[in-house]
Each structure stands twice: as C-alpha cells, then as structure tokens.
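Coordinate analysis (summary)
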Amino acid sequence: MSEWNTRTKLVHGGTRRSQYNEVSEAIFLTQGFVYENAEQAEARFIETGPDEFIYARYGNPTVNMFERRIALLEGAEDAFATASGMAAVNGALTSLLKAGDHVVSAKALFGSCLYILENVLTRFGVEVTFVDGTDLDAWRAAMRPDTKAVFFESMSNPTLEVIDIAGVAEIAHEVGATVIVDNVFSTPVFSNAIAQGADVVVYSATKHIDGQGRVLGGVVLGTKEFIRGTFEPYMKHTGGALSPFNAWVLLKGLETIELRVKAQAESAQALAEALEGHSALERTLYPGLASHPQKDLVARQLGGKGGTVLSLDIKGGKDAAFRFLNAMQIAVISNNLGDAKSIATHPATTTHQRLSDEQKDELGITPGLIRFSVGLEDTGDLLADITAALEASQAV
Ligand SMILES: *Cc1c(COP(=O)(O)O)cnc(C)c1O
C-alpha cells in the first residue's frame, strides 16, 4: 500500500473487510468484542494482535481503518485517532511531558491550543516559553538543555504566517526536543510535515478531513515508538477515543480530500489574486500570493500552494467587518474551516475574543480582519458575493 500514489491510498488504504466482503467500509458500532473462551480473553489482555480488539476506548476496527488510511497519506509509521483535534493536541503534549520539563511554542496559536500551553501544562510544573514562530533566531535563543518539546501550527490562524518546519526541527533536535506540529491549515494534502522533520503531527479531522461539517475528530501521527509507547497508553486510559461512527465519516472524507482541498485551494488562489488591492481592503493575506512575505518558504514547504483559507483586512474596523459579514449571501458566518461551504469568521470577536487587545495587536488580529475559508462553490459566484459585500462594508 505504501507504494501507491496518494489518490489510490486515499480510496483503498487501510480497508479491512468482514466475512461479508462489503464494498464500502463497515461501521463497527460496538463498544466491545466477544472472546471465544476465557483463555483467549486472558491472552488478548497480555498481548493484543493487529487484528484483535478488546474495548472501543483502546481500539475499534472502523477507527483502525481511519488510522491506517491517514498514516499512509502522511507517510507516518503509525497513528492514533481521537475524539477531537483538541484531544489530539492535549494528548500529544501531556503524554510526553512531566513536571520540570521545558516547552518552546509559537505564540500565534488556535485559542484552545494556547489554553493548554498557557493554563494547563503550567499548572503541572511544565515551563513554557513563547516565541515568534517565524523567527528562527528566536527559536534558537529559547532552546535549553531541558527543552523536551516544541509546538507550533505550521500555518498560523488567522494571519496565515508559515513556520519553517525543517528549520525549527533542526534547532529543536540539537537539544533532543520532540517536534510536535499542528498541521491543520497546511492540510495533509499540501504539507508532509514528517518528511520535513516533524516527529509528531496532529490534525483536527473536524476540518478538511471531514470537510463537510458533520463530525468532530482528531488524529496524532508519529513513529510506532511514540504512538504505541507514549501516546496510546495515555489516551486509552484517559478516554479521548474517537467514536466508530465518526471514524467512518472521516474515512469516507479521506476518499475525496485531495480533490476537495485542491479545488478549494485553486479557488482561494483565484479569489486572493482578484481581491488583492481592492479599495475596501487594507491587506489581503494568502500564502499563495506573490506578495506573501514568506513566498520562498511556501514554495519549499507547501509546493507553492497557499491552502484553503484567506484573510481579508477590511478598511473601517469592526463596523465595516460586520457590514461585510451581514451582506454576504453565499458564505455562512460560522467558525469551522476546510468545509465544502465557504465560512467567514471575525476572529477578534469570536475565536480570538479571549485575547487581550495587546495580544491581538501583536498577532495582527485587527478589528477589520475576516478569516475566509473557501468552500467548493463556484469561484465566480464567490467573487461576486465577496465583492458586493466589500462594497456594502464601505457604505455608511
Ligand atoms: C480546529 C483546530 C483545532 C481543534 O480541533 P477540534 O476538532 O475543534 O477539537 C486545533 N488546532 C487548529 C489549528 C484548529 O484549526
């Protein structure tokens, strides 16, 4: 299977068939598994083979199909699926760290990731240093002999800065730190974080992997040693297991992820190019634009692809941003991303509301900033809708 090209892996990878030889993957909606006899139960608790299961919190055949398929896509030795993206981020960090350890993290983070690093880990005696993730000198300066892990989102939310995975990994590996990358915005289609030097990759499968707004899910990928030796023992006892039904939805999502994400990114590129310089816009942020400050890194790390999200900084602050949101006919106002439906978000008052004004300033989350997740609608329709809403945003 690992010899197959991506699209073949995404359609057939990890499939295991029951005695009925079904075409579409079966949903094993069961919490547990019956043993033939007492001896078999005893043996399975001593050692669980690859085709054996005990309890759905430990593993389940449908969940396992999803894990195998995403591991093939990522080129990872192993994977463990979780109930949500946050269960994956929290588990990756807490399964590895103990009191007295030091962590270096990028400061531009998804709100809940920031909460874990700032408020949870520190309560248990882990010290965290935050740096500007785009500044390799800052990473180097923050590293210490007791630095156990580094954490960052490879493309930041909502200002779409790109962090140099290979560059940070080289610095972190000098002190033996584990490199944990949240790769959601880069997507598993455009960015192979493990090949670039990450030790552990986490995804919120709620985003592009489902891609149709139905379920929550997450996954942690890494070496067999990390997944089975560090992550699984922690996760199977702390209860963040993915539901078999959600795993089935995500498994079917993987069949089409490449087609969807490529079409969405193509549309995002066209929209960003058409909108850049619009008189109602202060800035158009999109990693695929020639004007993006990290154009060379985008070429190296993402094959020049800017992803499925663009951010628009609208002139006139919050009032103008709200007029823009309320004028749109196609995109919905919500806070998911990577969905087939275009979704517009006002980070300053929603996803990043919790941050202080100084933190927002520092991260470039201005009152006029809109995060726009480009869906699968017709690009021309989206451009017409956005353009009309931009005009409405400036009408006072
Ligand atoms: C959404 C998101 C998460 C959290 O995922 P959930 O599935 O909502 O728990 C973590 N990191 C990033 C970058 C995200 O966008």
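An account of the accompanying structure is given in this report. A quick note: this is a predicted structure, and the numbers were derived from the prediction, not measured.

Details of the site of the ligand
Around the ligand, 13 residues are found, and the nearest of them are Gly 85, Asp 182, Ser 204, Thr 206 and Lys 207. Between the ligand and the protein, one listed contact pairs an oxygen atom with a backbone N or O atom of Gly 85 at 2.9 Å. Contact distances for the ligand include 2.7 Å between an oxygen atom and a side-chain N or O atom of Lys 207. Here the shell around the ligand is composed, by residue class, of five nonpolar, five polar and three charged.

Notes on the packing of helix 4 (residues 85-94) against helix 5 (residues 111-120)
Angle between the axes and distance between the axes: these two values describe a pair of packed helices. Two numbers describe how helix 4 lies on helix 5: the axes approach to 10 Å, and their chain directions differ by 25 degrees. Judged on the interaxial angle alone, helix 5 and helix 4 are roughly parallel. As helix 4 runs across helix 5, the sense of the crossing is right-handed. Contacts between helix 4 and helix 5 involve Met 86, Val 89, Asn 90 and Leu 93 from the first element and Ser 112, Cys 113, Ile 116 and Leu 117 from the second.

Side note on the packing of aromatic side chains
If you walk through the whole model with that rule in mind, you get six aromatic pairs. Taken together, a centroid distance of 6.1 Å and an interplanar angle of 35 degrees make the contact between Phe 245 and Trp 248 tilted. Taken together, the residues Phe 245 and Trp 248, both in helix 10 (residues 244-275) and three residues apart, mark about one turn of the helix. Taking the relative accessible area as the measure of exposure, Trp 248 reaches 23% and is therefore partly exposed. The aromatic ring of Phe 110 is capped on one face by Lys 207, whose charged end is 5.1 Å from the ring centroid. A cation over an aromatic ring shows up here: Lys 236 above the ring of Tyr 58, its NZ or CZ 4.7 Å from the ring centre.

Considerations on the sheet that holds strand 1 (residues 78-82)
Across the sheet, which stays open at both edges, the seven strands sit in the order 1-7-6-5-4-2-3 with mixed pairing between neighbours. Here the strands that pair on one side only, and so sit at the sheet edges, are strand 1 and strand 3 (127-131). Averaged over all neighbouring strand pairs, the angle between strand axes comes to 20 degrees, with direction disregarded. In this sheet, strand 7 (residues 218-222) lies alongside strand 6 (residues 200-204) in antiparallel orientation, the contact comprising four bridges.

Analysis parameters
- Residue indices follow the written sequence of each chain, beginning from 1 at its first position.
- Only residues with pLDDT of at least 70 are given local features in this predicted model, and only at 80 or more are side-chain atom pairs given and counted; all residues enter the totals for whole chains, interfaces and linings.
- As a rule here, side-chain values come from all non-hydrogen atoms in the structure, and water together with hydrogens is ignored.
- The cutoff for a nearby residue is simple: one of its non-hydrogen atoms must lie within 4 Å of the molecule or strand.
- Here a polar contact is taken to be a pair of N or O atoms separated by no more than 3.5 Å, where protein atoms must pair a possible hydrogen donor with a possible acceptor and residues adjacent in sequence count only if both atoms sit in side chains.
- Polar here means any residue outside two lists: the nonpolar Ala, Val, Leu, Ile, Met, Phe, Trp, Tyr, Cys and Pro, and the charged Asp, Glu, Lys and Arg; Gly therefore counts as polar.
- The axes are straight lines fitted to the C-alpha atoms, using for helices just the contacting stretch, and the angles between their N-to-C directions are given from 0 to 180°.
- Secondary structure elements are defined from DSSP: runs of H or I of at least 4 residues count as helices, runs of E of at least 2 residues count as strands, and each element is numbered from the N terminus.
- Angle categories are assigned with fixed cut-offs, so that under 35 degrees is roughly parallel, over 145 is roughly antiparallel, 65 to 115 is roughly perpendicular, and the rest are oblique.
- Handedness of a crossing follows from how the near helix is turned relative to the far one, being left-handed for an anticlockwise turn of less than a right angle and right-handed for a clockwise one.
- The contact criterion used throughout is that any non-hydrogen atoms of two residues lie within 4.5 Å.
- Note on aromatic pairs: the rings of Phe, Tyr and Trp (six-membered ring only in Trp) are paired at centre separations within 6.5 Å, and the planes decide the class, stacked below 30 degrees, edge-to-face beyond 60, tilted for the rest.
- The cut-offs for exposure are 20% and 50% of the maximum accessible area for each residue type, with area from a 1.4 Å probe on protein chains only; residues under the lower value are buried, those over the upper are exposed, and the others partly exposed.
- Counted as over-ring charges are cases with an Arg CZ or a Lys NZ within 6 Å of the ring centre that also lie within 35 degrees of the ring normal.
- Strands are treated as partners if at least two bridges between them are detected by DSSP.

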